[in-house]
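Listed below are the residues making up each chain.
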Amino acid sequence: MNMIRLSLRMLLRDWRAGELHILTLALIIAVSSVATVSFFSDRVQRALVLESNRLLGGDLLVISDTPLPPGYAEYARQLGLKTTHLTRFPSMISFGDNSLLTSVKAVAPGYPLRGELKLADPPAEGVAAQHIRVAQGIPERETVWVDEKVMVALEVTLGDKIEVGAAELTVMSMVESEPDHSVGFVSMNPRLLMNEEDLAATRLIQPGSRISYQLLVAGDEGRVAGFRRWISERLSPGERVEGIQDARPEIRSALDRAGKFLSLAALASVVVAAAAVALAIRRFIQRHLDGCAVMRCLGATESDLLRLYSYYFVMLGSAASLLGCVLAVLTQEFLSYWLSELLGIALPLPSVLPFIQGILTGMVLLLGFALPPLLNLRQVPALRVIRRDLELANLHSLAGYGFGFAILSVLFIWKAESFKLGIMIMFGFLLAVILFGLFGLLLIRLFLLTRPQGSGPWSYGLANIRRRTIPSLVQATALGLGLMALLTLTLVRNDLLEDWHARLPENAPNRFLVNVQSDQQKKLMGFFDEHAIPRPEIFPMVRGRLMKINDRPVNLNDYPDPRAKQLVNREFNLSWTDTLQSDNEIVAGRWWREEIISSEHELSMEVEFAETLGLKMGDRLTFYTGGGDFSATITSLRKVDWDTFHVNFFAVVRPGLLDNYPVSYITSFYLPPDKTPILQELIRMFPNFLVIDVASVIERVQNMIEQVTHAIEFVFLFTLLAGFAVMYAAIASTQDERIYEAAIFRTLGARKQQLARAWAVEFAVLGTLAGFFAAAGASALGYLIGKYVLHITYSPSLWIGAVGVLVSVIGVTVIGLIGTRTTLSQPPLQVLRK
Amino acid sequence: MNNQPIIQASGLTREVDTGGTRLTILQDINLEICAGESIAVVGASGSGKSTLLGLLAGLDVPTRGTVFLDGEDIFKLDEDERAGLRGRLLGFMFQSFQLLPSLTALENVMLPLELSGAGNAREVAHSWLERVGLEKRIRHYPRQLSGGEQQRVAIARAFVTRPKMLFADEPTGNLDAATGAQIIDLMFAINREQGTTLILVTHDENLSARCSRVIKLVAGRAVD
């Protein structure tokens, strides 16, 4: 017999007879919500990365202090990536008697690959507003674009010729902002942009000059990653590769968290959808028990039935998953279009991964929850055709759901892209199922003890729950799980957003001052007082290069990880303080105390930095500083909250150890936009200061958070939709019993209204149970996720819990009553004759 | 009718555990049924009629005893082999009709043929529905048919594979007297035509009177 053909026929027949509507609907909603969330978060995440790459001027930078081999760019172009390059160096430029140390950037066509270079009209007397426009191309030959500082300091106007090395170049435009201007602690000297073809004429590129050669690469994400892998294996000493995540830890951490949250949202929709599918399958199996018994009578073997229904479910799963995915593509396209309009950013095209994930989710959900009962279904006793009381032994067994859960957890870990998050959610929900089940059973048993007297809706409603103990438990647990996923998401979402806003308050520091000398501190504080800017904290720092670890010279080749290589290769700042900064937290060892004198030089290391370099507690590090070598032992590891934009250091030592080394100071402060002009005064007063403007970085990060917030809100709505599917499936799962019951009750004289009231009581009790389960579960899971995954402060919200319970009670009752409306309208005889 | 027994049961006993006590539902049933015979199994409710039918058809397994169907010791077969044997040799009719609600009348009749992999299921099923007078109802679902019509579909489904034996459990139990009589007429007419051996469980005296032999059960034992 051709089982596949028969399965298809059975499937089509069942579909036509309306047997599959609820299951298919649950599957389609499951797949489409999971895939929409995946598609959407995939696109949003990639848009956020692209958006932040604007800060680099490209997706990836290769930086070197010697000219880069042409092979790098050639290979990138072979991969279909866009490339350009630039040369950066400090130089004195002059106009008439004025001269100025400037950061020169010689650019080639194509610059910038990401982001925009903006030009502005030079300031004029009495003209407040500047016309800002996006530059088309790069400076033409023999011309330069300079920033306002150059114009002010050299007293030049557009059209003047200035001397750049041996060349005379005409000032053509004033630069308002450059995309790659504020990344990393690059010099904030006055800036000049020139065409690289004029570089030779300046004769500034000489042996020994401090020059940074950069290759900018941009294009398809996968190819950029491929290029990064390729080049990481070929970097020579002095060369490094940088993406935005390497450059700015605060952006990396914002992106990480956003990514984790979006994954969490996708997971929540999987849980919600799984609950809906599990319930729908339960109903399907119940309705097909008799059919299986008849088929067994008619000669179908166990393996016939197994094959029949396996093909059946594979076909159903494929069709529903495909449909769900198509729906997801359309929905996310609409959402993305709407979101791009709203935010003014274009989302990159979706990748195929969410599509595959969607299909797999559908199949895994269906087979995970259908297979165990299916394996039981084939064992339906044929005798059931004569004796209806013969039930399937294991129809309600938790083992069946356990298999689905196990399969689901694999899906979780895959979707969470984090073992920790996946496992935590899986165990969270598993524990929730067990606790909900046990607690629910206990409550129902208590109802049994306190059997209400009388014949009102209360006693009928409660009697219904008692009579259907197992189905009621399954319903309340599934509803509770779905709602728990939604509530967890709500709680975490609120905390995440609040946390972000708290980290980046309106007056987060937006300027860094570097190279402040000891004798300038007092004068600088006076300057702040004079301009009514709160005195910021000021930190000492000594620049040093890591030379030895445990007396073994550092060898670049020991670090295959490009980021580690780059960190080792870089000069970094050592600081000291006696009190731990508020945004630092000791995660290993102990902070030094005055009363405990250590024989070793104590050093506290930032934990991620230590992990990247493979450093551990007790390691002895030797640095080379301008004042000689300096050694210290790691006695603590610190976690630093980079999102605060406060001054922070990878390495901090105990005060007093670096007193004899050349020290300078660094500080960060908030400069209100209306006070920007005082910077000129500051620079004039302290010509040696390096002012680093992170305002645009902060603005971008804030903008990104804004975008993520919107994205999260949309994704959340979708998960909510899946929640309704659960409610519907939950109500439908006991529909048949209800129809039969209603017929009997009505035959015995019950009015529709009486039945409806009794059911309302039943639904309200189920809703209350589910609501309390969900609120308790979500509080616990929210706490765990906040603490261990997103690293945010979790604030339990009674308010959200209460709303959750209320929504559950009202939602389940209303949807329940709507779902059973048709049940009441069927003539009893019609039902009983079935 | 020939004199070869097509069904032989000996020492058939069925006991069940009910909360620690052992309850005997059927005790030491011995019988032989020849091909073409029509047998009525009668007795009060709870006397073990349906259990006997289930055991003879291999739907259940006895505590002791054997059943030979067409020369085959069915309890030496495993459940799947018994299912195969049912598909080849047996037809069934039930009090509650047991039509699949999601299938039309035609599809319900096609099902046993489809399960056995017969090629022309549709045509054969169609002709059987004509035979039972339901040619105009073939696309109707069970819920759209009356009880009598549903039982006619069940007759068509029972005979569509041309079984050697037909087992019927209270086939008129859910029908009014007039409809029941029509169904009995139809069933016996086809039975004669096909030479099928008929074993039916019934309370209906009209029905048992039309059978060639009556087996009466009292508290699980066959009495003369």
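Preceding this paragraph is the structure being described.
Reading guide: rules and limits
Residues numbered from 1 in each chain as written. Chains lettered and ligands numbered in written order. Predicted model: local features only at pLDDT ≥ 70, side-chain atom pairs only at ≥ 80, totals over all residues. Heavy atoms only, no water. Contact = heavy atoms within 4.5 Å. Buried area = accessible area lost by both parts, 1.4 Å probe. Salt bridge = Lys/Arg side-chain N within 4 Å of Asp/Glu carboxyl O. Polar contact = N/O pair within 3.5 Å; in protein donor to acceptor, adjacent residues only side chain to side chain. Helix = DSSP H or I, 4+ residues; strand = E, 2+ residues; numbered from the N terminus. Nonpolar A, V, L, I, M, F, W, Y, C, P; charged D, E, K, R; others polar. Pairing = 2+ DSSP bridges. Axes fitted to C-alpha atoms, helices over the stretch in contact; angles between N-to-C directions. Buried < 20%, exposed > 50% of the residue type's maximum accessible area, 1.4 Å probe, protein only. Parallel < 35°, antiparallel > 145°, perpendicular 65-115°, else oblique. Left-handed = near helix turned anticlockwise from the far one by under 90°.

### Considering the interface of chain A and chain B
Here is step 1: Taken together, the contacts link 29 residues of chain A with 33 residues of chain B.
Here is step 2: Counting the surface lost from both chain A and chain B, the interface buries some 2,700 Å², and carbon and sulfur atoms represent 61% of this.
Here is step 3: Here chain A and chain B share five salt bridges between them.
Here is step 4: The tally of links from chain A across to chain B stands at seven residue pairs in polar contact (both at pLDDT 80 or more).
Here is step 5: Secondary structure elements with two or more residues in the side of chain A that touches chain B: helix H1 (3-16), helix H8 (249-297) and helix H9 (302-343) of chain A.
Here is step 6: Here the residues of the side of chain A that touches chain B sort into 13 nonpolar, four polar and 12 charged.

### Observations regarding the sheet that holds strand S3 (residues 38-43) of chain B
All names here are of chain B.
Here is step 1: If you walk across this open sheet you meet the six strands as S6-S7-S8-S3-S9-S10, and the pairing is mixed. The outermost strands of the open sheet, each flanked by one partner alone, are strand S6 (90-94) and strand S10 (221-223). Geometrically, the sheet is characterised by an average inter-axis angle of 25° between neighbouring strands, direction not taken into account.
Here is step 2: Running over the sheet, helix H2 (residues 79-89) touches S6 and strand S7 (165-169) and is turned about 85° from S6.
Here is step 3: Taken strand by strand, helix H6 (residues 177-194) contacts S3, S6, S7 and strand S8 (197-201), and its axis lies near 155° from that of S8.

### Focus: the pattern of salt bridges
Here is step 1: Considering all chains together, one arrives at 27 salt bridges over all chains under this definition.
Here is step 2: A salt bridge links Glu15 of chain B to Arg22 of chain B, with the nearest nitrogen and oxygen atoms 3.0 Å apart.
Here is step 3: Owing to a relative accessible area of 48%, Arg22 of chain B belongs among the partly exposed residues under this scheme.
Here is step 4: One salt-bridge network, in which partners are shared between bridges, spans Arg9, Arg13 and Arg16 of chain A together with Glu107 and Glu114 of chain B.

### A closer look at the packing of helix H3 (residues 105-116) of chain B against helix H4 (residues 121-131) of chain B
Residues and elements named next belong to chain B.
Here is step 1: Packing of H3 against H4 brings their axes to within 8 Å, and their N-to-C directions diverge by 125°. Taken together, H3 and H4 sit at an angle that is classed as oblique. Crossing of H3 against H4: the hand is right-handed. From H3, Ala105, Leu106, Val109, Met110, Leu113 and Glu114 reach across to H4, where they touch Ala121, Arg122, Val124, Ala125, His126, Trp128 and Leu129.
Here is step 2: For the contact of H3 with H4, the per-class residue count stands at 10 nonpolar, one polar and two charged.

### Some details on the side chain of Thr361 of chain A
Here is step 1: If you trace the backbone, Thr361 of chain A turns up in helix H10 (residues 353-377).
Here is step 2: Excluding residues within four positions of it along the chain, Thr361 of chain A makes contact with Val34 and Leu411 of chain A.

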